[in-house]
Amino acid sequence: NKLTDEHGHGTHIAGIVGAEGGNGVGISGVAPKVSLMILKYYDSKGTEVNNLINTVKAIDYAVKMNANIINYSGGGIAPSPDEKAAIERALKKGILFVAAAGNERSNSDLKKYYPADYGLPNILSVTAIDRFQNVLPSSNFGEQTVDVAAPGNDIISTLPNGQYGYMTGTSQATAFATGVAALVMANNPALRKADQIKKYLTQTGDNDEKLTGKTRYRKRLNSYKALATQDGDLAFNGM
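The text that follows walks through the structure, step by step, so that each part is easy to find. (Residues numbered from 1 in each chain as written. Predicted model: local features only at pLDDT ≥ 70, side-chain atom pairs only at ≥ 80, totals over all residues. Heavy atoms only, no water.)

### As for the overall build of the protein
Logical step 1: A count of helices and strands for the protein gives six helices and eight strands.
Logical step 2: From first element to last, N terminus to C terminus, the protein shows the α and β order α-α-β-α-β-β-β-β-β-α-α-β-β-α.
Logical step 3: In terms of overall size, the protein behaves like a compact globule, its C-alpha atoms giving a radius of gyration of 17 Å where 239 residues would be expected to give roughly 18 Å.
Logical step 4: Across its three principal directions, the C-alpha atoms of the protein cover 50 × 45 × 35 Å.
Logical step 5: Residues classed as buried in the protein amount to 48% of the 239 residues present.
Logical step 6: Within the protein, contacts between residues separated by at least 24 positions form 67% of all contacts whose residues are at least 6 apart in sequence.
Logical step 7: Carbon together with sulfur atoms contributes 52% to the accessible area of the protein, which is approximately 12000 Å² in total. (Helix = DSSP H or I, 4+ residues; strand = E, 2+ residues; numbered from the N terminus. Rg over C-alpha atoms; globule rule 2.2 N^0.38 Å. Buried < 20%, exposed > 50% of the residue type's maximum accessible area, 1.4 Å probe, protein only. Contact = heavy atoms within 4.5 Å. Areas by Shrake-Rupley, 256 points an atom, 1.4 Å probe, with all protein chains shown as cover.)

Structural data, given as structure tokens:
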């Protein structure tokens, strides 16, 4: 199997999380010094069953290699006990699993989207907003199921073969949340466990009434506040 990115989606997500900064080329990722472990599970010519088997293998590999965060910019409406069990194995090691809320234009409280909606404490479900802070019409939302909102409309990032381009969706928003989580973890060794960092990112976001009925905490991701709050407020650690 070719390990190259034939689609561009994975490269776009990786760039948002951690494209090298300050090199005078293209964009800088949210966490430009992060180390990325790229695991390809999706084969466009493969069956759904095969892609699911490979998803589980990829999650298990990340767990085995002691990843701090797993970014999952994808999903579907069919749950899988095997996939859920793999994310539970990540939970046992305290690994944060940042998942796209999905682009089904629907309320996840009523119609679940997976893996974002397995209801595990290490999963951070992310929906997408535009520059006016409105949840995108294509993005899933849910007062009980979606944790936080992040930018996901017309985001420029890396593409294969040295290209750059724009993509839209909860996948892109998920990558922003992953990047901020990586920055926070790098700056604060006490905030490494999934439940801590999840609570931290949701509490340091900006309150936004536009997110009422759309997300659990009505918060927009705020990378500056997530980093600045660490210095002044250590109450977050006592969880």
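After that view, the rundown keeps rolling.
### With respect to the pattern of salt bridges
Logical step 1: The final tally for this structure, using the stated rule, is six salt bridges.
Logical step 2: Linking Asp206 and Arg220 is a salt bridge whose minimum nitrogen-to-oxygen distance equals 3.6 Å. Taken together, the residues Asp206 in strand E7 (residues 206-207) and Arg220 in strand E8 (residues 219-220) connect sequence positions 14 residues apart.
Logical step 3: The exposure class assigned to Asp206 is buried, which follows from its relative accessible area of 18%.
Logical step 4: On the basis of relative accessibility, which here comes to 18%, the residue Arg220 falls in the buried class.
Logical step 5: Linking Asp208 and Arg220 is a salt bridge whose minimum nitrogen-to-oxygen distance equals 2.9 Å. You can see Asp208 sitting in the loop between E7 and E8 and its partner Arg220 sitting in strand E8, a full 12 residues away along the chain.
Logical step 6: Each of the salt bridges in this network shares a partner with another, and the network as a whole consists of Asp206, Asp208, Arg220 and Lys225. (Salt bridge = Lys/Arg side-chain N within 4 Å of Asp/Glu carboxyl O.)

### Let's talk about the environment of Thr170
Logical step 1: Its location among the elements puts Thr170 in helix H4 (residues 170-187).
Logical step 2: Once residues lying within four places of it in the same chain are set aside, the contact partners of Thr170 are Ala100, Ala101, Gly102, Asn103, Val126, Thr127, Ala128 and Ser139.
Logical step 3: In terms of polar contacts, Thr170 uses its side chain to reach the backbone amide nitrogen of Gly102, at 3.1 Å. (Polar contact = N/O pair within 3.5 Å; in protein donor to acceptor, adjacent residues only side chain to side chain.)

### Some points on the packing of aromatic side chains
Logical step 1: Under the criterion given, the structure shown has four aromatic pairs.
Logical step 2: Consider the rings of Tyr41 and Tyr42, whose centres lie 6.4 Å apart with planes at 75 degrees: the pair is edge-to-face.
Logical step 3: A residue is classified by how much of its surface remains accessible, and Tyr41, at 22% relative accessible area, is partly exposed.
Logical step 4: On the basis of relative accessible area, Tyr42 is assigned to the partly exposed category, the value being 49%.
Logical step 5: Geometrically, the ring pair formed by Tyr114 and Tyr118 is tilted, given 4.8 Å between the ring centres and 35 degrees between the ring planes.
Logical step 6: Under the relative-accessibility criterion, Tyr114 is labelled buried at 14%. (Phe/Tyr/Trp six-rings, centres within 6.5 Å; stacked < 30°, edge-to-face > 60°.)

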